[in-house]
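Next come the chains, spelled out residue by residue.
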Amino acid sequence: MRALLAPWQQEKYSEFTAFVQHEVEPYANQWDIEQRLSPDIIRQCAERGYFGGTLPASYDGQGWDYVTYGLFNEAIGRGSVSLSGLFNVHTMVAESILKWGTEEQKAAWLPRLASGQAIAALALTEPGAGSDLQMMGTEFRLEGDHFIVNGCKKWITFGGLADVLLVFGKLSGTQPVACLVERNRPGLTIHPIRDMLGFKASQLATIELDECRIPYSNMLGRPGFALSHLAPYALEYGRISIAWAALGLLRGCLETCGERAMDRHSFGMPLIDHGMISHMIADMGVDLEAAGHLCLHACQAKDEHSAEATEKIMIAKYFASRAGARHSANAVQIMGASGCNDQLSVSRYYRDSKTMEIVEGSNQIHQLLLGKGFAQRAKHLARRQAHTGEEQLI
Amino acid sequence: MNDVKQLEERVHHYIAEHVDVPELDYDVEIFEEGLVNSLFAIQLMTFLEKTFQIKVTMDDLDMNNYKSVTAITNFVRNKQREGV
């Protein structure tokens, strides 16, 4: 895949991987055990401008293209999927403000988000609303020039750390809305959630809103469009992050297991010469290659502002996260008892990869949407073929 | 074919490729009738922005702009006239 990158993308990727090798990977298992990131890694990422990766220079961002943003997530995901989760949620909110915000909102928030002075998180899911967001119960009520918000958001990645949350709910129980809510607003309470299976250092939280007063001017977009436009727009960035982070995790599996399979012997031969081990390693390598191409293809489409990018990003997320779950399970098998210990990264890959099949649209929702899309396209092509007599390719 | 008709045909063709109906009426309400999935609004927005060189912003978040082929065509024409 590296050969397909532009020179500046290769240069940035080298920068990212060197940073991760020295500053992320050595500490990632400890962050998982402590269930939090160290303030030092957040400071280092801020100093390097990583919080503003995709934002334009006019808002003090780095102006990366989406392939570069993907490469960043791959490198970070190789070291710590939990840390990639921070850039995932932060970027979803920053990009939402850039697309849907007023000029005042952009000026007030984007430079702070780009510098890492403020960290953002997306407060979308609720105890009773995950894949089916129409079930959201968080209620916005209009009083003068303020919303009064009541409700509960749950499983909010980095909700325990964020300075500002993009909170979704319904105005008067019907119209979906989304508002920027600062963490210190009276009526907003943050309850940390511990002991998750994966993303253990991602400081998940439950956000309770009790008669929380939020200025109307904090709303992003307009009432009625939060679920049709704002949430899908944000989640597309989330899927890019998950797809590429899963790619990094896959690389971690192959690098760890490849070395082990070459060096360790059993029954008089290296592990790699046992057919069942070489089979697992071969599938890891093939899926890593395939996932890399899907991720690259998806972000190139996004860079070209192609309408096909939405589907391609879903394909990449679906494939890479499934491959991550399958191969991290095999990685634990190859590593044996040491793969079951928290001090070795493979057990972390295994736990994180399962979570990646659930977040930013579960893989079952991906199956539903992608499956119907493929079938529909086949039907259209067959119909066209019947009209023209020419063979069509799907 | 004049420019408006061409624009309308391109919009019609794009939407017809994403719905499962034998013939797509130009005035049928594609979202209201449940003809498209939850991601289509974003795909449509990207298609319009790229194909017709416009930029959809928060000011354009009005369902009347997107409800049918005819409505979308009018919306794009207005955006092109405004030059944004």
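Note that this is a predicted model, so its numbers are computed, not measured.

1. Examining the domain arrangement of chain A
All names here are of chain A.
Consideration 1: The assigned domain composition of chain A is domain 1 (2-119), domain 2 (121-223) and domain 3 (227-388).
Consideration 2: Each partner contributes residues to the interface: domain 2 has 12 residues there, and domain 3 has 11 residues.
Consideration 3: Residues of the side of domain 2 that touches domain 3, tallied by class, amount to nine nonpolar, three polar and no charged.

2. Describing unusual backbone geometry
Consideration 1: Its identity as a non-glycine residue notwithstanding, Phe-267 of chain A has a phi of 50°, on the positive side.
Consideration 2: Looking at where Phe-267 of chain A falls in the secondary structure, it is placed in the loop between strand 8 (265-266) and strand 9 (269-270).
Consideration 3: On the basis of neighbour counts, which here come to 7 C-beta atoms within 10 Å, the residue Phe-267 of chain A falls in the exposed class.
Consideration 4: A positive phi is found at Gln-53 of chain B, a non-glycine position, where the angle reads about 55°.
Consideration 5: Mapped onto the secondary structure, Gln-53 of chain B falls in the loop between helix 2 (40-52) and helix 3 (69-82).

3. Digging into the packing of helix 9 (residues 309-335) of chain A against helix 10 (residues 345-356) of chain A
All names here are of chain A.
Consideration 1: Close contact between helix 9 and helix 10 brings their axes to 8 Å; oriented N to C, the two are set at 155°. Relative to helix 10, helix 9 is oriented roughly antiparallel. Viewed along their axes, helix 9 and helix 10 form a crossing whose handedness is left-handed. Side by side, helix 9 and helix 10 meet where Ser-321, Gly-324, Ala-325, Ser-328, Ala-329, Ala-331, Val-332 and Met-335 of the first sit next to Val-346, Ser-347, Tyr-349, Tyr-350, Ser-353, Lys-354 and Met-356 of the second.
Consideration 2: Taken together, the residues of the contact of helix 9 with helix 10 sort by class into nine nonpolar, five polar and one charged.

4. Let's talk about the pairing of strand 4 (residues 164-171) of chain A
Residue and element names in this part refer to chain A.
Consideration 1: Along strand 4, seven of the eight residues are buried, which leaves the element largely enclosed by surrounding structure.
Consideration 2: Summarising the sheet, strand 1 (residues 120-123) and strand 4 pair through four bridges and their orientation is parallel. Along strand 4, the bridge assignment pairs Leu-122 with Leu-166.
Consideration 3: Sheet topology places strand 4 next to strand 5 (residues 175-182); eight bridges connect them, and they run antiparallel. When the bridges of strand 5 are listed, Lys-170 appears paired with Pro-176.
Consideration 4: In this structure, the hairpin formed by strand 4 and strand 5 is closed by a connection of three residues, where Ser-172 is found at a positive phi of approximately 55°.

5. With respect to the environment of Lys-79 of chain B
Consideration 1: Of note, Lys-79 of chain B is situated in helix 3.
Consideration 2: Taking C-alpha positions, Lys-79 of chain B is 8.2 Å from Lys-55 of chain B, a pair spaced 24 residues apart along the chain.

6. So, the packing of helix 8 (residues 275-303) of chain A against helix 9 of chain A
When two helices pack together, their arrangement is given by the angle between their axes and by how far apart the axes lie.
Residue and element names in this part refer to chain A.
Consideration 1: It is at 9 Å that the axes of helix 8 and helix 9 come closest, and there the two elements cross at 160°. In terms of their interaxial angle, helix 8 and helix 9 are classed as roughly antiparallel. By crossing handedness, the relation of helix 8 to helix 9 is classed as left-handed. Of the residues in helix 9, those touching helix 8 at Ile-277, Met-280, Met-284, Asp-287, Ala-290, Ala-291, Leu-294, Cys-295, His-297, Ala-298, Ala-301 and Lys-302 are Ala-309, Lys-312, Ile-313, Ile-315, Ala-316, Phe-319, Ala-320, Ala-323, His-327, Asn-330 and Ile-334.
Consideration 2: Taken together, the residues that form the contact of helix 8 with helix 9 break down as 17 nonpolar, three polar and three charged.

The rules we used
Residues numbered from 1 in each chain as written. Chains lettered and ligands numbered in written order. Predicted model: local features only at pLDDT ≥ 70, side-chain atom pairs only at ≥ 80, totals over all residues. Domains from an automatic or database assignment. Contact = placed C-beta atoms within 7 Å. Nonpolar A, V, L, I, M, F, W, Y, C, P; charged D, E, K, R; others polar. Helix = DSSP H or I, 4+ residues; strand = E, 2+ residues; numbered from the N terminus. Buried ≥ 20, exposed ≤ 12 C-beta atoms within 10 Å, placed from the backbone. Axes fitted to C-alpha atoms, helices over the stretch in contact; angles between N-to-C directions. Parallel < 35°, antiparallel > 145°, perpendicular 65-115°, else oblique. Left-handed = near helix turned anticlockwise from the far one by under 90°. Pairing = 2+ DSSP bridges.

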